[in-house]
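Understanding the architecture of this molecule
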Amino acid sequence: MASPLLIAKNADRELALLPALANRHGLITGATGTGKSVTLQALAHRFSVAGVPVFMADVKGDLSGIAKAGGANPKVAERLKSLQTEVAFEACPVAFWDLYGKAGHPVRATISDMGPLLLGRMLGLNETQEGVLGLVFKIADDEGLLLLDLKDLRAMVQHVGDNAAQYKTGYGNVSTASIGAIQRGLLALENQGAAQFFGEPMLDIADLMQTRDAHPASRAVVNILAADKLMSSPKLYSTFLLWLLAELFEHLPEVGDVDKPKLVFFFDEAHLLFAEAPKALLEKVEQVVRLIRSKGVGVYFVTQNPLDVPESVLGQLGNRVQHALRAFTPKDQKAVKTAADTLRPNPKIKAEQVITELGVGEALISFLDEKGTPCIVERAFVVPPGSQLGPISDAERQQIIKSSDVFGHYEKAIDRESAYEKLKGRTEAKPAEAKQSSNPVSNPVSDVLFGRTGPRGGKQSQGVLEAMTKSAARSVGSELGRQVLRGLLGSILGGRRRR
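These lines cover the structure that appears in this document, whether it is placed above or below. (Residues numbered from 1 in each chain as written. Predicted model: local features only at pLDDT ≥ 70, side-chain atom pairs only at ≥ 80, totals over all residues. Heavy atoms only, no water.)

**Thoughts on the overall build of the chain**
Looking only at helices and strands, one finds 17 helices and 18 strands in the chain. Counting the 499 residues in the chain, one finds 49% classified as buried. The contacts of the chain with a sequence gap of at least 6 include a subset with a gap of at least 24, amounting to 76%. Accessible surface, the chain as shown: approximately 23400 Å² in total, 53% of it carbon and sulfur. (Helix = DSSP H or I, 4+ residues; strand = E, 2+ residues; numbered from the N terminus. Buried < 20%, exposed > 50% of the residue type's maximum accessible area, 1.4 Å probe, protein only. Contact = heavy atoms within 4.5 Å. Areas by Shrake-Rupley, 256 points an atom, 1.4 Å probe, with all protein chains shown as cover.)

As structure tokens, then:
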């Protein structure tokens, strides 16, 4: 059984998170400047020491210090002295990631794997436009056309729009307006720098779940996504994290109850995930959060107040850390009351009043006990992590990136033949076919094997080889259509190429 993780302390007791219940998810809330980032780093550090890999986004650019041992911060020393406790000052093994490929290893996903549901949200499409996008994906899947990057999707959308009449009977109406809206959305997405995110090699989730040998015991890798620039494209940020969560859900095996999680996933700025999300997407997110704990994954949402998280999701977050909230407006007062009501009451504490009085680094905390029941809320100070508070230098970051086990694998993009090249080949082949059909030469053997063309270019007979080829193509096409199965959030299931 893994040892409890010391997270906070007050004059009466130590408050520890039980690793066996860490996959029951959690919530870290509080106003700006109240200590959420330090709490996040403290949790990540202690999970790493316990051998639990972590993934978290660094939205302010100050979490990279977890890669360097602490001990030089006088405020940390003062806090530890006041709490009458000690921590081991040490660094955690870290892997840096970046959708733009500058502050970490490049992170990529293919268009096909992202799926129409998440991509539609990223593009800001309405219900009708999402339906057309889903149709485009279905046609690509049925015809065996790989959608790997943005140029593939643009070419496929144009192809479906140009041949809308051909697909109408088998797939339904394709409106010109919806095709135009999708293309405009793709252009806007490309202007945000998303072209670097879509493509290959795609991120392998196994690379997020590594441990490194250290003294006196192995430490799990803390994966940090550079998100300070990514935050300027909030839909890209939130949809990427949601896709990654879907990848973990769809491709990790069921493990049931375990001594400690296989991975802990911190979803910072969680309000971006739920803001303006359609009901259908929220229902699927709720389902993923509810079911992913059986895969050994703990999800911790980090945001300003509990109102940012829908009740259906909030009810599944068993481990709570509530930092200070301000009550300057009626909306703020409602948020304070909601936060207090979501914590298990302590007769010694008036939670609604205390939430507005908490100092920096102080929080109301309620973790799950051995039976999975929330403990009564306690007021306590978060114990600082043993790593450095504040960022490391760019040179130190680059040294860590280049010494990583995955360095060199993701750095160079791969552009193999996919929908764009195949559709372009079809377009270029049409003039040559038209020229050949306008001046036919009859050959008895060729006519038997390949068929005969009539005087107006119409097919008069089908050759043996052509019939065999079409039959084989239909078989392959239908087989491809059967193989492309999508999960709850649209990610491809099974048959994926791994490194």
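**Looking at the side chain of arginine 121**
Turning to its location among the elements, arginine 121 is positioned in helix α3 (residues 111–123). In terms of polar contacts, arginine 121 uses its side chain to reach the backbone carbonyl oxygen of alanine 275, at 3.3 Å. Dropping the residues within four chain positions of it, arginine 121 is found in contact with Glu130, Lys235, Ser238, Thr239, Leu272, Leu273, Phe274, Ala275, Ala277 and Leu281. (Polar contact = N/O pair within 3.5 Å; in protein donor to acceptor, adjacent residues only side chain to side chain.)

**Thoughts on the sheet that holds strand β2 (residues 14–17)**
Pairing is mixed across the open sheet formed by twelve strands, whose spatial order is β2-β1-β14-β13-β12-β3-β11-β10-β4-β9-β5-β6. The open sheet terminates on both sides in strands that have one partner only, identified here as β2 and β6 (105–106). Alignment of strand β1 (residues 5–9) against β2, held across four bridges, turns out to be antiparallel. Directly across from leucine 5, in β2, lies its bridge partner leucine 17. Along the sheet, helix α1 (residues 36–49) makes contact with β1, β2, β3 (26–29), β4 (54–58), β9 (222–226), β10 (263–268), β11 (297–303), β12 (319–322) and β14 (378–382), crossing β10 at roughly 170°. (Pairing = 2+ DSSP bridges. Axes fitted to C-alpha atoms, helices over the stretch in contact; angles between N-to-C directions.)

**Things to note about the pairing of strand β5 (residues 94–98)**
With five of its five residues buried, β5 lies for the most part within the structure. Burial of β5 is two-sided: the residues Val94, Phe96 and Asp98 facing one way and the residues Ala95 and Trp97 facing the other way are all buried. For β5 and β9, the ladder comprises four bridges, and the chain directions are parallel. Bridged to tryptophan 97 within β9 is leucine 225.

**Section: unusual backbone geometry**
The residue after glutamate 200, namely proline 201, is reached through a cis peptide bond having omega 0°. Mapped onto the secondary structure, proline 201 falls in the loop between α7 (176–191) and β7 (211–212). One non-glycine residue, glutamine 84, lies in the positive phi region at around 55°. Inspection of the secondary structure assignment puts glutamine 84 in the loop between α2 (74–83) and β5. Assessed through its relative accessible area of 70%, glutamine 84 is described here as exposed. Backbone geometry at glutamate 269 places phi at a positive 50°, although glycine is not the residue there. Classification of glutamate 269 by relative accessible area gives partly exposed; the value is 25%.

**Comments concerning the layout of surface pockets**
One number sums up the size of the largest pocket: a volume of about 710 Å³. Every residue lining the largest pocket is counted, 32 residues in all, and those nearest its centre are Gly35, Lys36, Ser37, Val38 and Val360. At the level of secondary structure, the elements contributing two or more residues to the lining of the largest pocket comprise α1, α2 and β11. The greatest single-element share of the lining of the largest pocket, amounting to six residues, is contributed by α1. Partitioning the lining of the largest pocket into residue classes produces twelve nonpolar, 13 polar and seven charged. (1 Å grid on protein atoms, 1.4 Å probe; cavity = no way out; pocket = protein on both sides within 12 Å on 5 of 7 lines; lining within 4 Å. Points joined across faces, edges and corners; volume = space filled by probe spheres on them. Nonpolar A, V, L, I, M, F, W, Y, C, P; charged D, E, K, R; others polar.)

**Observations regarding the side chain of glutamine 129**
Here glutamine 129 is to be found in helix α4 (residues 127–142). Residue classification places glutamine 129 among the buried residues on the basis of a relative accessible area of 16%. When near neighbours in sequence (up to four residues on either side) are disregarded, glutamine 129 contacts Ser178, Ala181 and Ile182.

**Here we look at the environment of phenylalanine 137**
Mapped onto the elements of the fold, phenylalanine 137 is located in helix α4. Considering only alpha carbons, one finds phenylalanine 137 and valine 157, 20 residues apart in sequence, at a separation of 9.0 Å. Look past the residues within four positions of phenylalanine 137 in its chain and what remains in contact with it is Ile111, Ser112, Gly115, Pro116, Leu119, Leu147, Leu153 and Arg486.

**Remarks on the nonpolar core**
With 87 residues, the main nonpolar core has Leu119, Leu153, Phe198, Leu225, Phe240, Phe265 and Phe301 as its most contacted residues. No other element matches the eleven residues that helix α8 (residues 234–251) contributes to this core. Look past the residues within four positions of leucine 225 in its chain and what remains in contact with it is Phe55, Met56, Ala57, Asp58, Trp97, Asp98, Leu99, Val107, Leu230, Phe240 and Leu241. Counting residues in each nonpolar core, the second largest holds 34 residues, with Ile7, Leu43, Leu63 and Phe266 among its members. (Core = buried A, V, L, I, M, F, W, Y, C linked by side-chain atoms within 4.5 Å.)

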